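Here is what each chain is made of, one letter per residue.
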Amino acid sequence: MINRRQFFKGAGTLAFAGLASSALGKANAGVLTPTTRGYGPLVPDPKKLLDLPQGFSYQVISELGDAMSDGLNVPDRADGMGCFSLGNNKVALVRNHELQAAHLSIQPESIQTHTTDLAYDKFENGVALPGGTTTLVYNLDTKVVEKEFVSLVGTIRNCAGGITPWGTWLTCEESVDKPNGVISKEHGYIFEVPADAETLVEAKPLKAMGRFNHEAACVDPETGIVYLTEDRGDSLFYRFIPNVKGQLDKGGKLQALRIKGVPQFDSRNWDKARMNLGEWLNVDWVDLHTPESPNDDLRVQGYKAGATLFARGEGLHWGSNELYFCCTNGGAKQLGQIMRYQPHRSQSQGSQPQRSQQQGATADSASSLETSGGRLQLFVESDDASLFNFGDNLTVSPNGHLIVCEDQYTEVVDNHLRGVTPEGDIYNVAKLHAQTELAGACFTNDGSVLFVNMYSPSKTLAITGPWMAL
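Residues numbered from 1 in each chain as written. Predicted model: local features only at pLDDT ≥ 70, side-chain atom pairs only at ≥ 80, totals over all residues. Heavy atoms only, no water.

1. Some thoughts on the pairing of strand β16 (residues 252-259)
No. 1: By the bridge criterion, 5 bridges tie strand β15 (residues 238-242) to β16 in an arrangement that is antiparallel. Directly across from Tyr238, in β16, lies its bridge partner Ala256.
No. 2: By the bridge criterion, 6 bridges tie β16 to strand β17 (residues 280-288) in an arrangement that is antiparallel. Considered in β17, the bridge of Leu257 is made with Trp285. (Pairing = 2+ DSSP bridges. Helix = DSSP H or I, 4+ residues; strand = E, 2+ residues; numbered from the N terminus.)

2. As for the packing of aromatic side chains
No. 1: For the coordinates displayed, the defined rule picks out 20 aromatic pairs.
No. 2: Each ring, one from Phe56 and one from Trp467, has its centre 4.8 Å from the other, and the planes form 75°; the classification is edge-to-face. In this pair, Phe56 is assigned in the loop between β4 (50-53) and β5 (57-63) and Trp467 in the segment after β28 (459-464), connecting sequence segments 411 residues apart.
No. 3: Of note, Arg375 hangs over the ring of Trp280, and the distance from its end group to the ring centre comes to 3.8 Å. (Phe/Tyr/Trp six-rings, centres within 6.5 Å; stacked < 30°, edge-to-face > 60°. Lys NZ or Arg CZ within 6 Å of the ring centre and 35° of its normal.)

3. Thoughts on the pattern of salt bridges
No. 1: For the coordinates displayed, the defined rule picks out 20 salt bridges.
No. 2: Measuring nitrogen to oxygen at the nearest pair gives 2.9 Å for the salt bridge that ties Asp296 to Arg232. Within this pair, whereas Asp296 is found in the loop between β17 and α2 (298-304), its partner Arg232 is found in the loop between β14 (226-230) and β15, the two being separated by 64 residues in sequence. As far as burial versus exposure is concerned, Asp296 and Arg232 are alike and both buried.
No. 3: The closest approach of N and O atoms between Arg258 and Asp284, which form a salt bridge, is 2.9 Å. With Arg258 in strand β16 and Asp284 in strand β17, the pair connects residues that are 26 residues apart, well separated along the chain. (Salt bridge = Lys/Arg side-chain N within 4 Å of Asp/Glu carboxyl O. Buried < 20%, exposed > 50% of the residue type's maximum accessible area, 1.4 Å probe, protein only.)

4. Comments concerning the side chain of Ser151
No. 1: For Ser151, the location among the structural elements is in strand β9 (residues 144-155).
No. 2: Assessed through its relative accessible area of 0%, Ser151 is described here as buried.
No. 3: Separated by 2.7 Å, the side chains of Ser151 and Thr133 make a polar contact.
No. 4: Other than its neighbours up to four places away in sequence, Ser151 contacts Val94, Thr133, Thr134, Thr135, Val193, Thr199, Leu200 and Val201. (Polar contact = N/O pair within 3.5 Å; in protein donor to acceptor, adjacent residues only side chain to side chain. Contact = heavy atoms within 4.5 Å.)

What follows is the structure, encoded as structure tokens:
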């Protein structure tokens, strides 16, 4: 288990101000207070790909067009990713590819002609839609990819997702496309990919988990509840309570978060600060009765029932008794927020939150889960683009800091991996020189290797270094 300090600080103590790129800033009452340099200044990469601190290094383990074990070639637009231990010091990386039907022509030729009955959706000529996942089996001893293959296909815009305690990857469609003469099925669903799959799996939509612009997912290992983000400017934050823990295909109940006593609360802080940094707000959950949402109106349903608005919910990571998620363009300057949520726990379950990748095994009764609430905190809100700009995917490092991938929307981007300390301080972990985003950051169970994707042209990197030095 990864031990770490408490994250909470009093309301109003976390804010941001300008600071040199090699250092890290925290503001108390608006006054800049340099506190830490993280892992130290970034060292220029002679290959001009990824700058890292002294003592860190990267290896490109997969990239667009590489020949895979199944005879196909690595697709483009690598996005969210999960890391799973396979034993014998090997890991499986299940990697999303955020591809739409229109992207087929710019994919490797092998993908352009890929036909299979296991695809969720196909073109009229039988070729599978290119969105989906690939799986890499990587040997941590030899530092070699031993196997690589398409593991799910026929979907659209597989953006982020999340790992489950039972060893699967939830890959999420950030799309609500309908049949239009090119595609034949409705999209906007979650699909499940076993980490130990050795070949392509059948793509089965988990429709009870909702049809919307899915972004990321994470599972509370105590209860089996799945939390979900939505990439929309007026998004909601969802949870899915399965009828059977660990069996999402058995259906369940979909709900949206609501601030208790403040219906239709707006957490985005775009026009004024309704949600204060560090302040805890009690929440409950409202039921959503038409999860398949043929009119793409789940967020409208929820808002009418009092649910809280969020600014483009994206990356989401479960810890021990709490989770964190990015709101990409939240805040007065629309540079991004990070929210922190703690579900209600009984005294017997314990109430001291710590971030961790450890998975538990006990479950509450279905009735108590449906009515249980929790509390929400605005943990980070950026007002300085040089410190934090459009946080997207996020994960946790072995020392308990968050690692956040930036995804800027400017013509020329300056995307970084940012570290966030338990006090809310921000520092640089890496700087990307390519004009694309970093995505899918995930650690091995022992915290020795961070894997991360470059979106396009797609590359997957393995980063090693003294992650426990802080």
